[in-house]
Amino acid sequence: MSVQSSSKTSITQRFDSYQPSKTLLVWACVVTAIATMIIGFSWGGWVTGGTSSKAAAAAGDVARGDLASAICVERFKAAPDAAAKLTEFKAIADGYKQRQFVEAGGWATMPGQTSPDSRSVQACATTLAA
């Protein structure tokens, strides 16, 4: 038992008396910072400012398209001859021709624009076809 206690004491004494050099401390900090960045960007969900800007722009485009699509559907339903137009629209089997029908009707053209956005026309036609 005295051998274990002397070995524990010697390890504790060696640990307490250890004084790392400044170079070792600097390199430990550098390696820790690099490891933190690698883990953060790989698994932590961190992104750069550019990636964040692209994601925000894409989300904005999707939101604008969804809003324009909802407005298109409401305009279509608010038209005086909506029931007849919906019957005519659903009689068209081709998706491309359905989009042309919505675009020609002017329901997808937002105020201040001269032509509708293709994504909003597609979403509007898909919603009306359902």
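For every chain, the first residue of the written sequence is number 1, and numbering continues from 1 onward in sequence order. Given that the model is predicted, a residue must reach a pLDDT of at least 70 before its local features are reported, and side-chain atom pairs must reach 80 or more before they are shown or counted; all residues, however, enter totals for whole chains, interfaces and linings. Note that the side-chain values use all heavy atoms of the structure and ignore hydrogens as well as water.

### Looking at the overall build of the protein chain
Phase 1 of the analysis: Numbering goes from the N terminus for both helices and strands, where a helix is a DSSP run of H or I of at least four residues and a strand is a run of E of at least two. Summing up its helical and strand segments, the protein chain has six helices and zero strands in all.
Phase 2 of the analysis: Along the chain direction, N to C, the helices and strands of the protein chain fall in the order α-α-α-α-α-α.
Phase 3 of the analysis: Radius of gyration here uses only the C-alpha atoms, and the compact-globule reference equals 2.2 Å multiplied by the residue count raised to the power 0.38. For 130 residues, the compact-globule estimate of 2.2 N^0.38 gives 14 Å, and the protein chain exceeds it by more than 25% at 33 Å.
Phase 4 of the analysis: Along the longest, intermediate and shortest principal axes, the C-alpha atoms of the protein chain span 100 × 35 × 25 Å.
Phase 5 of the analysis: Between two residues, a contact is recorded if the distance between any of their heavy atoms is within 4.5 Å. Long-range pairs, those at least 24 residues apart, make up 54% of the contacts in the protein chain with a sequence separation of at least 6.

### So, the packing of aromatic side chains
Phase 1 of the analysis: Note on ring pairs: Phe, Tyr and Trp rings are taken, using the six-membered ring of Trp, and paired if centres are within 6.5 Å. Classes follow the plane angle, with under 30 degrees stacked, over 60 edge-to-face and the rest tilted. Summed over the entire model, instances satisfying the criterion amount to five aromatic pairs.
Phase 2 of the analysis: Residues Phe41 and Trp46 carry aromatic rings whose centres are separated by 5.5 Å and whose planes lie at 85 degrees to one another, so their mutual orientation is edge-to-face.
Phase 3 of the analysis: When accessible area is computed with a 1.4 Å probe and restricted to protein chains, residues below 20% of their type maximum are described as buried, those above 50% as exposed, and intermediate ones as partly exposed. A residue is classified by how much of its surface remains accessible, and Trp46, at 42% relative accessible area, is partly exposed.
Phase 4 of the analysis: With 6.3 Å between their ring centres and 65 degrees between their planes, Phe76 and Phe89 make a pair best called edge-to-face. Note that Phe76 is positioned in helix 3 (residues 49-78) and Phe89 in helix 4 (residues 82-91), a separation of 13 residues in sequence. Of the two residues, Phe76 and Phe89, both sit in the buried class.
Phase 5 of the analysis: In this structure an aromatic cluster arises from ring pairing among Phe76, Phe89, Phe101 and Trp107.

### So, the state of the cysteines
Phase 1 of the analysis: When two cysteine sulfur atoms lie within 2.5 Å, the pair is treated as a disulfide. The final tally for this structure, using the stated rule, is one disulfide.
Phase 2 of the analysis: Shown here is the disulfide that connects Cys72 with Cys124, its sulfur atoms set 2.1 Å apart. Taking the torsion about the sulfur-sulfur bond, which here is approximately -75 degrees, the covalent link between Cys72 and Cys124 counts as left-handed. With Cys72 in helix 3 and Cys124 in helix 6 (residues 118-129), this residue pair connects regions lying 52 residues apart in the sequence. Taken individually, Cys72 and Cys124 each receive the classification buried, so the pair is uniform in this respect.

### A short note on the nonpolar core
Within soluble globular proteins, side chains that are nonpolar tend to cluster in buried spots.
Phase 1 of the analysis: What makes a nonpolar core is a set of buried Ala, Val, Leu, Ile, Met, Phe, Trp, Tyr and Cys residues whose side-chain atoms join them at distances within 4.5 Å. Counting residues in hydrophobic clusters, the biggest one holds 14 residues, and the most contacted among them are Phe89, Val102 and Leu128.
Phase 2 of the analysis: Of all the elements in the fold, those that place two or more residues in this core are helix 3, helix 5 (95-105) and helix 6.
Phase 3 of the analysis: Ranked by the residues each element gives to this core, the list is headed by helix 6, at four residues.
Phase 4 of the analysis: Excluding residues that lie within four positions of it along the chain, Leu128 makes contacts with Val73, Phe76, Leu86, Phe89, Lys90 and Val102.

### Observations regarding the packing of helix 4 against helix 5
Phase 1 of the analysis: Direction vectors running N to C along helix 4 and helix 5 enclose 155 degrees, while the axes themselves pass 9 Å from each other. Relative to helix 5, the element helix 4 lies roughly antiparallel. Listed contacts from helix 5 to Lys85, Glu88 and Phe89 of helix 4 are Gln98, Phe101 and Val102.
Phase 2 of the analysis: Each residue belonging to the contact of helix 4 with helix 5 can be placed in one class, and the counts come to three nonpolar, one polar and two charged. Each axis is a line fitted through C-alpha atoms, and for a helix only the stretch in contact is used; angles between axes span 0 to 180 degrees, taken between their N-to-C directions. When an angle is under 35 degrees it counts as roughly parallel; over 145 it counts as roughly antiparallel; between 65 and 115 it counts as roughly perpendicular; any other value is oblique. Following the grouping adopted for this structure description, the nonpolar residues are Ala, Val, Leu, Ile, Met, Phe, Trp, Tyr, Cys and Pro, the charged ones are Asp, Glu, Lys and Arg, and the polar ones are all others, Gly among them.

### A word on the confidence of the model for the protein chain
Phase 1 of the analysis: Each residue carries a pLDDT score, the predictor's confidence in it, ranging from 0 to 100. In the predicted model, the protein chain carries a mean pLDDT of 87, and 93% of its residues have values of at least 70.
Phase 2 of the analysis: When mean pLDDT is taken per element in the protein chain, helix 2 (residues 22-42) scores highest with 95 and helix 1 (residues 2-17) scores lowest with 69.

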